[in-house]
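One-letter residues, chain by chain:
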Amino acid sequence: MRRLLFHRPSGTIIHFALISVFTFSLALGWTPPAQSQLPSLPTNSVNPSFNLPEGVSRYGEYETAPIRSPLDNKNLFEVTSATIFNRDKVPEGKLPIEVRAQEVNERLWRVFNRTISAKQTPTVTISTLNNRPIIQISNDQSTRPIRLVTVTEPDADFNGKALDKLAEEWRKILQDEMVRFKQLTAPKVILQRVRQVLQILLGLLIASAVIWFLRRVLTHRQQILETRYQQQSAAPAEAEKVQKSEKVASSQIPENEETEAREIADLRSRFLATLQHQFSLKRQLDVDKFLKWALFWIFILMWYIGIARITSLVPLLMRWSVNVWATPLALLVLWFGISLTIRISKSLIDRVMHSSKVNPFLSFGEAQRIALRSTTVAEALKGFVSVVLVVVGMIWTLGLFNVPTSSILAGGAVIGFTISFGTQNLVKDLINGCLILMEDQFAVGDVIQIGDKGGLVENLNLRVTQLRNGEGQLITIPNSTITHVSNLTRLWSRVDFSVVIAYENDPKQVLDVLRQVSQQMYSEPEWHHRLPELPEVLGIDDLSHTGMLVRVWIKTVPMEQWSVGREFRLRVRQAFEANSIQIGKP
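Computed from a predicted model, the values in this text were never measured in an experiment.

What counts and how
- Residues numbered from 1 in each chain as written.
- Predicted model: local features only at pLDDT ≥ 70, side-chain atom pairs only at ≥ 80, totals over all residues.
- Heavy atoms only, no water.
- Helix = DSSP H or I, 4+ residues; strand = E, 2+ residues; numbered from the N terminus.
- Buried < 20%, exposed > 50% of the residue type's maximum accessible area, 1.4 Å probe, protein only.
- Contact = heavy atoms within 4.5 Å.
- Areas by Shrake-Rupley, 256 points an atom, 1.4 Å probe, with all protein chains shown as cover.
- Expected span 1.5 Å × (residues − 1).
- Arc of directions from axis to C-beta.
- Core = buried A, V, L, I, M, F, W, Y, C linked by side-chain atoms within 4.5 Å.
- Phe/Tyr/Trp six-rings, centres within 6.5 Å; stacked < 30°, edge-to-face > 60°.
- Lys NZ or Arg CZ within 6 Å of the ring centre and 35° of its normal.

Colleague: Help me out: how do you make sense of the overall build of the protein in this one?
Modeller: Counting its regular elements, the protein contains 15 helices and 14 strands. Residues counted as buried form 37% of the 586 residues belonging to the protein. Restricting the contact set of the protein to residue pairs at least 6 apart, pairs at least 24 apart contribute 64%. Approximately 34,100 Å² of the protein is accessible, and the part contributed by carbon and sulfur atoms is 58%.

Pasting the structure below:
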């Protein structure tokens, strides 16, 4: 024990260090993919030359791209060019918008690099070339102005402003950006922000040390509680052994019913007291685990906020400050929610299992058997819930990274879990129930057929499926026994109408009458919403000694095939009588 406690702190320090490095790398190394603001025109997804480049947005005849600040990567304004659908075949005289934006951004970088060593703040001015305003920047490091961007007719048309007014607006934006950059790169400001960064890092290290110490104390207490809990967990089994030995010892001694009942009541009271004490230890242990879990996430959140604050203070890191608060934050929130859900689920499972143990309506033997088996059942349920939630978290994480997910990933995880616990009927029920829900094989309200049992799904959970048949009987089927299921109301239903017509009738007349009945029923508002499409008269399906078999397929909305079928048969009967069409006879 002493050796274990001696080596644990160093491992915990390494654990915290790795978490800090991971959080820092996640915050700084993340670059979320840019997306268009509005859906683009139809493009060819196979040929990449028809796809929009990163950061480009398409608005009909125009395409825009952002001009970003080299300081913090925020959007200053957007330049506009005519739409180019095929990047491999650029029309002569046209410049792709991404190329134009890249040139402007590179010139901004060049100006900002010179601004660092310049004594005065660069001046942004407007000149005219070929009747077009040109925004240029002058500084004391160059003898001639640097041409930054030309304001074109597409720019003015897209923004709905005159060329000179738009040029003046862009000039003010760039001038304010130059002033801001010059102020942030001043030696006094840099020194002040470096001090702030050092203070933040010092605070993070001190807080991390406090969290590490608290977690070490909780770990030591958790080890003690786990030892006591394991000792208490063996109490039900020991009670059963004592009871059996007492029965064997007293089998030769006659006892009256009153004495036996008193001994059973005494054993039951001691047994329930042991269970209550065991549950109390379990709650204390869960509280300590929750505190450790909370400290862990406080540590993560603390470093994340600290890194985000540092990136917003240091000029060289400010360009990543926007990305720090984007997808990485969503990733942390996602896994925090998954982790919290897992802990809540485990706590609920423990409470349910404990309530089943101390049920006063159960006999002592039944309660004892439940107590001995509840740990295995609870761990199986906890493992199942954890695996499902982790798989869901992984799928959502892949979605945040824009990685396409498929059912093979989830199916492979579930199959592997099924193989691991295939010998436990309860887990097989839960897994098959989970698959039924994931694959949407059927839901509450569907009419299904499972083997020779069928009816309306009245209740569905991860363990059993309950059907109500036509006679009102409630049929309960374990999910692990469901191998083949027929869903009669999945998305749409169908009436397979067939009737045998005598040979004395004209086949064409019979088919025309059926088409008229179908068209009339389909056109009526009362039945039109129940029929997604016009009933299909297939024709003569069979010839036999009884007559001609005519078949009609009627597609209906779910749960309406019976009412539609009854109404259609009534109308066919009336139409046949009106047209003197005879039904086939043996």
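Read on, since the account is not over.
Colleague: Whenever I open this one, helix 13 (residues 507-523) confuses me. Can you help?
Modeller: Taking 1.5 Å per residue, 17 residues should reach 24 Å; helix 13 reaches 24 Å between its end C-alpha atoms and fits that length. Taken as a whole, helix 13 has its buried residues at V510, L511, V513, L514, V517, S518, M521 and Y522. Here the buried residues of helix 13 occupy an arc of 165° about the axis, which is enough to place them on one side. In helix 13, those exposed residues whose orientation departs by more than 90 degrees from the buried face are K508 and Q516. On its buried face, helix 13 is in contact with strand 12 (493-501), helix 14 (525-528), strand 13 (536-544), strand 14 (547-556) and helix 15 (561-578).

Colleague: Please explain the nonpolar core as it appears in this structure.
Modeller: Buried together is how nonpolar side chains tend to be arranged in soluble globular proteins. Grouped together as the largest cluster of nonpolar side chains are 30 residues, with contacts concentrated most on V79, L108, W170 and L174. Residue assignment for this core shows that the elements contributing at least two residues are strand 2 (62-68), strand 3 (75-82), helix 2 (97-117), strand 5 (132-138), strand 6 (146-150) and helix 4 (163-184). For this core, the element with the most residues is helix 4, which contributes 8 residues. Sequence-distant contacts of L108, that is, excluding residues within four places in its chain, are made with I67, R68, P70, L76, L148, L174 and M178. Grouped together as the second largest cluster of nonpolar side chains are 24 residues, I501, Y522, M548 and V564 included.

Colleague: Sorry if this is basic, but what is going on with the packing of aromatic side chains here?
Modeller: Two measures describe an aromatic ring pair: the distance that separates the ring centres and the angle between the ring planes. One pass over the full model with this rule turns up 8 aromatic pairs. On the basis of an interplanar angle of 15° and a centroid distance of 4.3 Å, the ring pair of F77 and W170 is categorised as stacked. Of the two residues, F77 is situated in strand 3 and W170 in helix 4; the sequence distance between them amounts to 93 residues. Seen in terms of ring centroids, W293 and F336 are 5.4 Å apart; in terms of plane orientation they differ by 20°. Their pairing is stacked. A residue pair is termed long-range when its members are at least 10 positions apart, and W293 in helix 7 (residues 257-313) and F336 in helix 9 (residues 327-357) qualify at 43 residues. Judged by relative accessible area, which is 11%, W293 ranks as buried. Members of the aromatic cluster, connected to one another through ring pairs, are F290, W293, F296, W297 and F336. Seen from the ring of W553, R494 lies directly overhead, with NZ or CZ sitting 4.1 Å from the centre.

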